[in-house]
Structure formats: C-alpha cells, structure tokens
Amino acid sequence: MSQTAQQQDHPGTLPEGVVARPDGVFLDLRRLAPELVGAVDSLFRSGYLLRGLDYPVLARALYGVGPELAPNAELLARLADKLEPFPAQRKPLYRNVKVRDGEAEYFFEPIYLPAEELPDGTLLPERPAQLDFDEFVADMWLKNVRFGIDVAAVRAALAAPKGERVTAARDLEPTPAQDAQVVEVASELHRSDAPRQRADGTVDLTSFQNRFPQIKQGMRMLQKLPGKPGEPGRTIGGQPMPALQPADVDLQRFAGEGTLITRDAEGEFLVAAREGFLNVDPKSGKVALSDKIISRDGVSGRTTGNLELMGAFEEFGDVQELRDVNGSDITVHGDVFGNIHSSGGTIVLGRNLVGGKAINAKGDIRVDGVASGATIQTASGTITIKGRAESCVISAPKVVIAEASNCEIFADEVEVELAIGCAVAGRSVKVESAGPRKNSEMFVYVVVKDVAGHNAELEALQKQTAGQEADIALWRAEHDRLNALAEVRSYLTLAEKLRKGEIQLTPAQVPNLKKVAAAVAPQIKMIGQLLQSIRNTEEAMAGARARRDELEALKRDAAARSSVRVMMVDGEVLVRTLPLGEATAANFMAQPKDYKAMLRGPRLDSLTIFSGSSGTVSWHGAAPVEAVPG
C-alpha cells in the first residue's frame, strides 16, 4: 500500500466530532467532552490508531487536563497527523498492563516478530521488533488505560536497549482545596513596640508607643475568606475523581464581647460594636473589646516596658523589677517585682509581691500570695493580704493580714491573725497572737486623738467664763447703787406712771419734769450701758458653755473609738497609746520612712497600756492608762 493510500485508509464515515483533513486529524471542540471520548473510543475499537498523536491535546480535549489549546476560528483541535489501521500482526507485541493503586505498570522488554512466509514464498525468520508510541496509546486505550500516560517515561522506555518495568500511567489526584480562612483587615490590630516619644521630643526607652491597641466603633477587624474547592482528578480509566471540598470556618466563633458579624457585598466581617481595647483569648481565639486591657506576656523591658494606661488592666504574666504599671483597676495574676500605681478601682495581685510597690489612690488592694520587702498603701480602701507579709510597710484606712512579720502597719482599723516582731498602729487594733521576732520588738499602738488642744481650749474657756462672771457681778452692783439714788428712783417712778397713764401732767408741770430729767440723765445713761454689758456678756458665756460641751463630746467620742485587743501574748509585747492629730491619723500615704520613724522611734507622748510576755490585752479608750516615759 502506497503512502497516499495509507493516508486515505480510514473509515468511510468518521465518528461525530472527528475531522480528517490532509493537514491532520482534528477534534471538534464544539462537541461535549463525553461525545469526543466516544468518538475516539470508536476509532480505536474500529482498529485504527492516531499516527503522530499529540497526547496532551488528547488529554485536554477529552478530560480538560493539561495545557490550554491554541484558539482558532474553526474551534478545531489538531489531534494527530493522520489515521492508520493498527496492523493485526503487531497487536500481539503489546503485553498486558498491571493496574493497581491508581497506577498502570508495564514491562518493556525485547520483542520479536514471528517467522512468516511472504506471498512470493520467501521465508522471513523471527526478527527483533520495536514498539511504537502511537500503537501503545491505542492498545492501552482498549485495555482501559485512557488517561494519565507518562509520555516521557514511555518514550524513554521504548528507546531503551534493555527491558525495564515502568509506571506508564498514573491517576491524576484531585488538587487540595483552599479552606476558608479568617484574615486581619485592620492595621490597628497590631501594636507598636517602638520607644515612646516624650512631649519634649526626647525618647523614653523604658516605654513603648502603643502596646495595647484601642479600636474605634464600627472598625472592621477580621474578614472571612470563603474556601475554594480543589480541581477534580481523573483515574487512568478516564473516570472523574470528585473535587476535594474546602473546610469551612465559622466567623461567629471569633466574636467576643463588644463585637458583631456583618455581611454585605464585600464579604463577611467581624466588626467592633463599641470602642475599647482589643483582647484576644489565646485558647479560643475570641476577639473581644472592653474597657479592660488584658496582657499575657508579662511586664518587662522586653515585652511592654513601663505602662501608662487609661483604663483597667489585667496581666497574666509577671511584672519584673524596676517596671512601673500606672492605671486604674489593675489585676496581675503573676508575681510582681516592680511597682503598681492605681488611680482608683481595685489592685488585685494573684500571687506574690516581692520588693515592689502596690499603691492605690482610691480603692482596695488585695494580695493573694506573699508580700515581702514591699510598700503597700491606699488612701481610701482596705488592704487584704491572704498570705504572709514580711518586712513590709503597710498603710490604709483598714488592713487585714493573715500573718505579718517584721512589718510596720499603720491604719485606722487593723486585723492581724499572727503578728511577729511588728510595729502595728491603729485606732482599732485586733491581733489574735503577737510576739517578738529575733531582734525585732513587738509594738502595738492604739491611735488616740490628740486632745491636748481641746484641754487647752477648755482651760481658756474656764478662765474666760470666770472673768466674765466677775465682771457681771461688778456691773450688777453698780447698777443697784445707781438705782438706789433718791432723785433717780423718784424720776424712774414718775416716768413709769406717765408711761402707764396713771397720772397726767399739767402744762405748768412739764418744765419742772424736764429739769429733773436733765439732772439725772448721766445716771440713767450709765444704767442702760450696764444692762447692755450684762446681756452681751451672758450671751458670750452661753456660747462658751456650748463650745465646752462640744469639746467634751469630742473627747468622749475620741476615747470611744480607740480600742485594742490581743487574744494571746507570746513573748515580750508592748502596748501603748499613740496620740495623733486628725490630719496625721488620717494620712495613709506618707513616706515609708516616716512610718518607721513614728512606730519604731522613741515616743515621749505615749502611755503604756500593757507590757508583758504572756496573757491577753483588752482595752477601750475610756479606760485609764499609766503614764510612762517613751
């Protein structure tokens, strides 16, 4: 058969979708892929093969896999050079293929054409043969390997001089899906750890610019990006493998306090429902906005630097030494070695306070662990130490401590279960057990109001009243003397009768009355002045008596408020009064050294209530005390 005849040797009617022309064999891309698969299958089952096959075009046209096809106006894809019959004598050359686990394995080995006799009687002996790629594709198709042939591997095996086992085709596994994800859409979610710039332009290397971001209401913080399914796969038999579906994510699980979910044309967002500080729970991932700042990294030169905060603050880590935290309503769950300053609210230290400070301008302070070598003060509130306090200075309107050792404690009201080697002062003091500690004496002071000023004022009022009483006596004696004068008595009697209308003067008697009045006028004037002086002085004495009663009440009230009770004295304990003025007694924010000097230094104004090494002490301010040197 000539070459021209071979080019024309194809079925008289080609399957729908196959176009054979002098310039090649084409597939009509206007047909659906299943139709084209059926057309190619019909060609191969009719005993034909595609000579000069472009395998990637076949894979793209039938299964949509591989490089994009070159566009053309006819919507035809050139598949091969021509159609040829598959020679019957060559079909036995192609062995069975082993298909397993998504792979088609073929053993390429040397092959031979069997001996044959030609029509002219010529005998051809057995001779080596060469497999052909186009024949291989046609043979594999009929053995249900219709997709995924590794062209390079097969061609290399065909050209190899010796046999080898080759994976000729593989399933195309579905590509991984792109799962839905949540992304940040606000730069404000990220804090700035750059050094803070002061107002004068200098840089504070101990503080950061924006360690705790503040979010505005309505700000979009997170966006949900929908997932995308992966590309479907294909088996080597040409069957589709379903695409892998993406995992979804529920944006609602990130919505904490102060946030909400919005959906619009641009997507699904987590939005700030209020203005506040950003808090992200590391376990649940919830995003919340609140007035409280929550930190989990601790306060140090590496993490936060010193903090100047406008709102409440909660720290789950430690506060390192020399670090300052300034704010209000401060809670620290870790150990504190630095300084806590609160302008109000409550300071809560969940563990230990060591060598630092906890100072609150207005509010309570609570230490759940041990306080050691620390200063703890509040101007208005209660200090509660649930653990042990060692070598601390503690001052507040009220102090409650489980165990105190070598501490200076100054308060209006003090309650201590065990006090060892402390100096404790309060208007009301209750100690369950007290005793000395090595070289530290145990002092208990009962703050009493300093009434020395009241006593001086009472003494001055007494002297003033005595002088006023003497003046009144002199003034009354002079008043009585002037009233006893005959001319004065006669004039006053006549004037009284005229005032009451008991008598009437004739015109001739009026000049005589005027003469008498002029004669006694100096005495009458003096009598009026004496009476006015007596009235004024009596009013002043009434005011002095009221002030005296007030001072006496203040003294009684001051005595009633002062008390001390020590349930068990275990070792040498000295209990004394501590007279203080109102301003000093109410000042709980003095320097620590001032409290040490007040409570450990000599006191010449104190009175001893108790001095001994055993027993109990129960004293009220009204009880007498012994005056002893300080």
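Up top you'll find the structure we're talking about.
For every chain, the first residue of its written sequence is number 1, and the numbers climb from 1 along that sequence. Thresholds applied to this predicted model are a pLDDT of at least 70 for local features of residues and 80 or more for the giving and counting of side-chain atom pairs; totals over whole chains, interfaces and linings are not thresholded and use all residues. Computation of side-chain values: all heavy atoms of the structure, hydrogens and water removed.

**Some thoughts on unusual backbone geometry**
Moving on, step 1. In this structure, Leu-322 takes a positive phi of about 70 degrees despite not being glycine.
Moving on, step 2. The way it works is that DSSP assigns letters per residue, a run of H or I at least four long becomes a helix, a run of E at least two long becomes a strand, and they are numbered from the N terminus. Assignment of secondary structure puts Leu-322 in the loop between β26 (312-315) and β27 (324-327).
Moving on, step 3. Residue Asp-329 is not a glycine yet carries a positive backbone phi of 55 degrees.
Moving on, step 4. On the secondary structure map, Asp-329 appears in the loop between β27 and β28 (330-332).
Moving on, step 5. Think of it in three bands: with a 1.4 Å probe and only protein chains considered, a residue is buried below 20% of the maximum accessible area for its type, exposed above 50%, and partly exposed in between. Asp-329 sits in the partly exposed class, given a relative accessible area of 33%.

**Some details on the sheet that holds strand β4 (residues 76-80)**
Moving on, step 1. The rule for pairing is simple: two strands pair if DSSP sees at least two bridges between them. Reading across from one edge, β1-β2-β4 is the order of the 3 strands in this open sheet, with antiparallel pairing throughout. Every interior strand has two partners, whereas the edge strands, β1 (18-21) and β4, have only one. Across the sheet, the mean angle from the axis of one strand to that of its neighbour is 35 degrees, orientation sign disregarded.
Moving on, step 2. Contacts between residues were defined by any pair of non-hydrogen atoms, one from each residue, lying within 4.5 Å. Axis geometry follows a simple rule: fit a line to the C-alpha atoms, using only the stretch in contact for helices, then measure angles between N-to-C directions, giving values from 0 to 180 degrees. Here helix α3 (residues 55-63) sits on the sheet in contact with β2 (24-28) and β4, set at roughly 135 degrees to β4.

**Focus: the pairing of strand β32 (residues 357-360)**
Moving on, step 1. Pairing of strand β29 (residues 339-342) with β32, which is carried by 4 bridges, proceeds in the parallel orientation. Bridge pairing links Ser-342 to Asn-360 in β32.
Moving on, step 2. As judged from the 4 bridges shared by β32 and strand β35 (residues 375-378), these two strands associate in the parallel manner. Directly across from Asn-360, in β35, lies its bridge partner Thr-378.

**Quick notes on the sheet that holds strand β21 (residues 267-272)**
Moving on, step 1. Pairing is antiparallel across the open sheet formed by 4 strands, whose spatial order is β13-β17-β21-β20. Since the sheet does not close on itself, it has two edges, and those belong to β13 (181-184) and β20 (259-264), each with one partner. Averaged over all pairs of adjacent strands, the angle between their axes in this sheet comes to 25 degrees, without regard to strand direction.
Moving on, step 2. Sheet topology places strand β17 (residues 220-225) next to β21; 4 bridges connect them, and they run antiparallel. In the sheet register, Gln-223 faces β21, and the bridge partner there is Phe-269.

**Some remarks on helix α4 (residues 133-142)**
Moving on, step 1. Among the 10 residues of α4, 9 are classified as buried, and the element is accordingly described as predominantly covered.
Moving on, step 2. Of the residues making up α4, those classed as buried are Phe-133, Asp-134, Glu-135, Phe-136, Val-137, Ala-138, Asp-139, Met-140 and Trp-141.
Moving on, step 3. Contact partners of the buried residues in α4: α2 (33-45), β3 (48-51), α3, β7 (103-108), α5 (151-159) and β12 (164-170).
Moving on, step 4. Under this definition, polar contacts are N or O atom pairs within 3.5 Å; protein pairs additionally need one hydrogen-donor-capable and one acceptor-capable atom, and for neighbouring residues in sequence, both atoms have to be side-chain atoms. The opening residue of α4, the one whose side-chain oxygen lies 3.0 Å from the backbone nitrogen of Asp-134, is Asp-132.
Moving on, step 5. Asn-144, located one to two residues past α4, shows a positive phi value of around 65 degrees.

**Examining the packing of aromatic side chains**
The relative placement of two aromatic rings is captured by the distance of their centres and the angle of their planes.
Moving on, step 1. Pairing of aromatic side chains here covers Phe, Tyr and the six-membered ring of Trp, requires ring centres within 6.5 Å, and sorts the geometry by plane angle: under 30 degrees stacked, over 60 edge-to-face, intermediate tilted. Summed over all chains, the structure comprises 9 aromatic pairs.
Moving on, step 2. Judged by centre distance (5.5 Å) and plane angle (55 degrees), the rings of Phe-44 and Trp-141 are tilted. Here the residue Phe-44 occupies a position in helix α2, and Trp-141 occupies one in helix α4, the gap between them amounting to 97 residues.
Moving on, step 3. By relative accessible area, Phe-44 is classed as buried at 4%.
Moving on, step 4. Any Lys NZ or Arg CZ that is within 6 Å of a ring centre and within 35 degrees of that ring's normal is treated as a charge sitting over the ring. The aromatic ring of Phe-26 is capped on one face by Arg-21, whose charged end is 4.4 Å from the ring centroid.
Moving on, step 5. Taking NZ or CZ as reference, Arg-155 lies 4.1 Å from the ring centre of Phe-133, over its face.

**A few points about the packing of α2 against α4**
Moving on, step 1. The contact between α2 and α4 brings their axes to 10 Å, and the two run at 105 degrees. On the basis of their axis angle, the class for α2 and α4 is roughly perpendicular. Contact residues: α2 offers Val-37, Val-40, Asp-41, Phe-44 and Arg-45, while α4 offers Ala-138, Trp-141 and Leu-142.
Moving on, step 2. A breakdown of the residues in the contact of α2 with α4 according to their chemical character gives 6 nonpolar, no polar and 2 charged. Oblique is the label for any angle not covered by the other classes, which are roughly parallel (under 35 degrees), roughly antiparallel (over 145) and roughly perpendicular (65 to 115). Under the scheme applied here, ten amino acids are nonpolar (Ala, Val, Leu, Ile, Met, Phe, Trp, Tyr, Cys and Pro), four are charged (Asp, Glu, Lys and Arg), and all others, including Gly, are polar.

**As for the environment of Ser-395**
Moving on, step 1. One can find Ser-395 in strand β37 (residues 393-405).
Moving on, step 2. The exposure class of Ser-395 is buried, given its relative accessible area of 0%.
Moving on, step 3. A C-alpha to C-alpha distance of 4.9 Å links Ser-395 and Gln-377, two positions 18 residues apart in sequence.
Moving on, step 4. Excluding anything up to four places from it in sequence, Ser-395 contacts Ile-376, Gln-377, Thr-378, Ile-383, Phe-410, Phe-588 and Tyr-595.
Moving on, step 5. Within polar-contact distance, the side chain of Ser-395 engages the side chain of Gln-377 at 3.1 Å.
Moving on, step 6. A polar contact is formed between the side chain of Ser-395 and the backbone oxygen of Phe-588, at a distance of 2.7 Å.

**Examining α3**
Moving on, step 1. Most of α3 sits inside the fold, with 7 of its 9 residues counted as buried.
Moving on, step 2. For α3, the complete set of buried residues consists of Tyr-55, Val-57, Leu-58, Ala-59, Ala-61, Leu-62 and Tyr-63.
Moving on, step 3. In this structure, the buried side of α3 is in contact with β2, α2, β4, α4, α5 and β18 (233-234).
Moving on, step 4. Backbone geometry just downstream of α3 places Gly-64 in the positive-phi region, at approximately 70 degrees.

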